[in-house]
Amino acid sequence: MVIMGVSGFEPSGVSGSDRLPIQFFPLGLIGHDPSAALLVDGRLVACAAEERFTRIKHGYNLAGRPVLPRRAMSYCLKEAGLEWRDVDYWAHYCHFTPDNVGERLARVTRRLSKVLKAAVAEEYQDMLENRVGRGVVRRQLEAIAETPISEDRFIAVPHHLAHAAGAYYSSGFEESAWLVLDGYGETESATWGVGAREGICPATSIPLPSSLGVLYQIVSAYLGFRAFGDEYKVMGLSAYGDPYPYSAVFRELVRLGPAGTFSTEGLAQDSLDEWLSDRIGDIPDKGAYSEKAADVAAALQRRVEEAVMHVVACVRDQFRLGTLCLSGGVALNACVNGAIVRSGLIDRLFVQPAAADDGASLGAALYAIQQLNQSAIRVPNTTHWGPSFGDAAISGALGRRPGLRWERAADVAHTAATLLAEGKILGWFQGRMEIGPRALGARSILADPRSVSARDEINARVKGREPFRPFAPSVLDAMASEFFDLPDRTAAPFMVVTYQTHEPVRDKIPAVVHVDGSARVQTVSEVDSPRFHELLRAFHALTGIPVLLNTSFNRAGEPIVCTPDDAIGCFMQSGIDALVIGDYVAYPGDGVPDGSRSGGAT
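Quick notes on the rules
- Residues numbered from 1 in each chain as written.
- Predicted model: local features only at pLDDT ≥ 70, side-chain atom pairs only at ≥ 80, totals over all residues.
- Heavy atoms only, no water.
- Pairing = 2+ DSSP bridges.
- Helix = DSSP H or I, 4+ residues; strand = E, 2+ residues; numbered from the N terminus.
- Axes fitted to C-alpha atoms, helices over the stretch in contact; angles between N-to-C directions.
- Contact = heavy atoms within 4.5 Å.
- Buried < 20%, exposed > 50% of the residue type's maximum accessible area, 1.4 Å probe, protein only.
- Patch = residues over 30% accessible without salt bridge, like charges linked within 9 Å, V, L, I, M, F, W, Y side chains within 5 Å.
- Areas by Shrake-Rupley, 256 points an atom, 1.4 Å probe, with all protein chains shown as cover.
- Salt bridge = Lys/Arg side-chain N within 4 Å of Asp/Glu carboxyl O.
- Lys, Arg positive; Asp, Glu negative; His and termini not counted.
- Charge placed at Lys NZ, Arg CZ, Asp CG, Glu CD.
- Core = buried A, V, L, I, M, F, W, Y, C linked by side-chain atoms within 4.5 Å.

Peer 1: Before we move on, could you go through the sheet that holds strand E6 (residues 176-181) and cite the residues and values that matter?
Peer 2: The strands that make up a sheet pair up through hydrogen bonds in the backbone, lying either parallel or antiparallel. Read across the open sheet, the five strands follow the order E8-E7-E6-E11-E12; overall the sheet is mixed. Two strands close off the open sheet at either side, each with one partner strand: strand E8 (199-207) and strand E12 (348-351). On average, each strand axis in the sheet is tilted by 20° relative to the strand beside it, whichever way the strands run. Sheet analysis places E6 next to strand E7 (residues 188-196), joined by six bridges and oriented antiparallel. When the sheet's bridge partners are listed, Val-180 is paired in E7 with Thr-191. The strands touched by helix H12 (residues 291-319) are E6, E7, E8 and strand E11 (323-327); relative to E7, the strand with the most contacts, the crossing angle is about 30°.

The following block contains the structure:
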């Protein structure tokens with residue numbers, strides 16, 4: 001049985017959201033981060049996000065509209081050696097109907113003025129007729145595949161159940177509670193339940209317009225960042241602030257109710273900017289660091305953590321299970337996840353590494369096969385499901401670029417470790433590309449964690465990032481507890497949870513320790529990432545430090561690189577010192593460090 005999981009939508013005509021104030025973009029926005037996943041006889045063969053192929057962040061088209069993942073689907077089929085006609089079932093990550101669109105519209109527009117209510121209604125009608133309706137999506141997929149897709153072969157999966165299935169079936173837990181927190185599903189922003197042999201069983205939902213994800217987007221915009229896509233900047237900024245001055249504002253905006261519920265219904269009003277301005281005032285230097293912006297970010301982050309902990313405590317009490325699977329866009333807030341781990345409310349937490357909609361294609365496929373087979377499916381606990389490239393493809397790409405000096409390395413790990421120990425910044429391109437927003441040793445930029453100057457140089461020269469944003473550490477799994485406060489039985493392979501760095505070793509790895517002593521840790525095992533593990537061992541042998549600074553291989557505003565050509569282009573334009581790609585090491589122009597062999601390919 002071949003099942004293609006799909007997330008994303010095709011663009012429509014003029015959308016009502018184009019005429020709405022900034023805070024309503026999240027309420028109408030849907031279709032971001034399209035991706036595809038392919039299951040063959042219950043085995044995951046491939047999974048990738050469309051943005052990696054189109055090179056447009058979040059997978060939009062050139063006009064900024066959502067798309068279906070044409071290129072990602074084609075890649076998945078190529079990886080499996082299949083054709084479009086070989087797909088038995090298509091699983092899509094949403095199930096919109098006239099009834100639930102109407103319910104969502106009524107909830108979102110309850111407190112709006114007549115003018116805004118009409119604009120939002122137009123947006124939702126457009127969504128149903130041109131983007132999200134079951135028949136619309138099925139016909140669009142037929143056009144892409146150039147093959148008929150009958151009604152019984154198209155499975156529309158409720159959005160939060162797609163997220164839940166992607167987390168539970170990837171966790172390795174036999175039975176577990178699960179919690180989905182995002183901006184919005186069809187009519188809800190939070191859902192929790194149980195995953196077991198019988199399948200994914202939802203129990204409770206929190207309806208729109210209440211939404212922690214939308215709240216974070218709106219406050220991000222209020223601080224001068226993008227309403228969608230810059231939430232992680234606000235999370236990083238929050239560590240520099242004091243939540244106290246604005247705690248009361250966010251307690252008023254986010255109210256906790258009985259049985260794990262919360263309400264943010266103040267979002268459903270047309271004067272939210274005025275509401276925030278009345279209580280907070282103007283933000284100086286919007287979109288940049290200021291003490292006031294940091295304090296607001298800290299208060300927002302604190303209240304979101306309190307609300308999530310309120311839900312988690314209820315889930316623990318309701319199901320009496322020691323494990324929890326977490327997914328949805330809010331699950332990418334590593335500080336929230338760290339608070340859950342530190343709370344001791346649960347024994348083991350699994351966060352889906354592709355927790356946003358780029359992982360919902362996998363969840364839709366997994367949910368569909370469980371419904372079809374009534375059997376539990378398990379996915380190996382890794383993110384490396386994207387394209388890989390052989391020696392010929394890599395050497396060919398290097399050979400096509402003038403201005404490069406490159407060579408085959410006899411020992412790639414040792415060569416790369418030596419360059420890193422000398423203070424060089426490396427592009428690192430190995431094996432199959434990761435799914436999800438984190439670079440985990442396949443498409444990474446690496447540096448010495450001992451070097452604050454290397455960190456600052458990556459921010460300023462390579463990535464063009466704000467200086468208040470932290471970098472993450474990758475560490476040998478066997479030595480992780482020597483540097484980070486990792487609770488027993490908690491694996492951290494995906495960079496989705498913050499842990500405290502042990503105070504005595506903070507000055508040994510200052511480039512990867514945030515201002516509050518935290519770090520978004522990735523533990524690296526030899527089984528899951530053999531070459532990256534080999535590099536960390538080589539760096540440890542040279543320096544005594546089993547840690548590297550690891551950030552995504554891309555420039556500001558671009559997706560993570562996918563192909564050798566992407567990697568070489570980013571390398572040549574970003575100021576990275578060397579590129580380690582497959583078995584080759586490349587340098588810009590005549591920039592071969594002393595001690596390296598010069599010349600072209602061998």
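Peer 1: Residue-level account of the pairing of strand E3 (residues 43-49), with values.
Peer 2: A large share of E3 lies buried, amounting to six of its seven residues. Two strands pair when backbone bridges link them, and strand E2 (residues 35-40) and E3 are joined in this way by six bridges, in the antiparallel orientation. By the bridge assignment for E3, Leu-38 is matched with Ala-46. Turn length for the E2-E3 hairpin, with the two strands adjacent in sequence and antiparallel, is two residues, and the turn residue Asp-41 shows positive phi of about 50°.

Peer 1: Before we move on, could you go through a negative patch on the surface and cite the residues and values that matter?
Peer 2: Among the surface-exposed residues, Asp-411, Asp-477, Glu-526, Asp-528 and Glu-534 lie close enough to one another that they form a single negatively charged patch. Examined against the element boundaries, Glu-534 turns out to sit in helix H18 (residues 530-543).

Peer 1: Before we move on, could you go through the pairing of strand E15 (residues 443-447) and cite the residues and values that matter?
Peer 2: Counting buried residues along E15, five of its five residues qualify, which places the element largely inside the surrounding structure. Of the two faces of E15, the one holding Arg-443, Ile-445 and Ala-447 and the one holding Ser-444 and Leu-446 are both buried throughout. Across four bridges, the pairing between strand E14 (residues 426-429) and E15 is antiparallel. The partner of Gly-427 across the bridge, within E15, is Ile-445.

Peer 1: So what's going on with helix H9 (residues 231-238)? Which residues, and what values?
Peer 2: Among the eight residues that make up H9, seven are buried, leaving the element largely enclosed by the rest of the structure. Taken together, the buried positions of H9 are occupied by Glu-231, Lys-233, Val-234, Met-235, Gly-236, Leu-237 and Ser-238. Against helix H8 (212-222), H12 and helix H13 (334-343) lie the buried residues of H9.

Peer 1: Explain a nonpolar patch on the surface residue by residue, including any values.
Peer 2: Together, Tyr-240, Tyr-289 and Val-515 give the surface a local cluster of nonpolar side chains, amounting to about 280 Å² of exposed area. Residue placement: Tyr-289 occurs in the loop between helix H11 (272-280) and H12.

Peer 1: Explain the nonpolar core to me, and be specific about the residues and the numbers.
Peer 2: With 213 residues, the main nonpolar core has Met-4 and Trp-90 as its most contacted residues. Broken down by element, this core gets its largest block of residues, 15 residues, from H12. Leave out the neighbours within four places in its chain, and Trp-90 touches Met-4, Val-6, Met-73, Trp-84, Leu-141, Ala-145, Ile-149, Arg-153, Phe-154 and Ile-155.

Nothing here speaks to function; it is geometry throughout.
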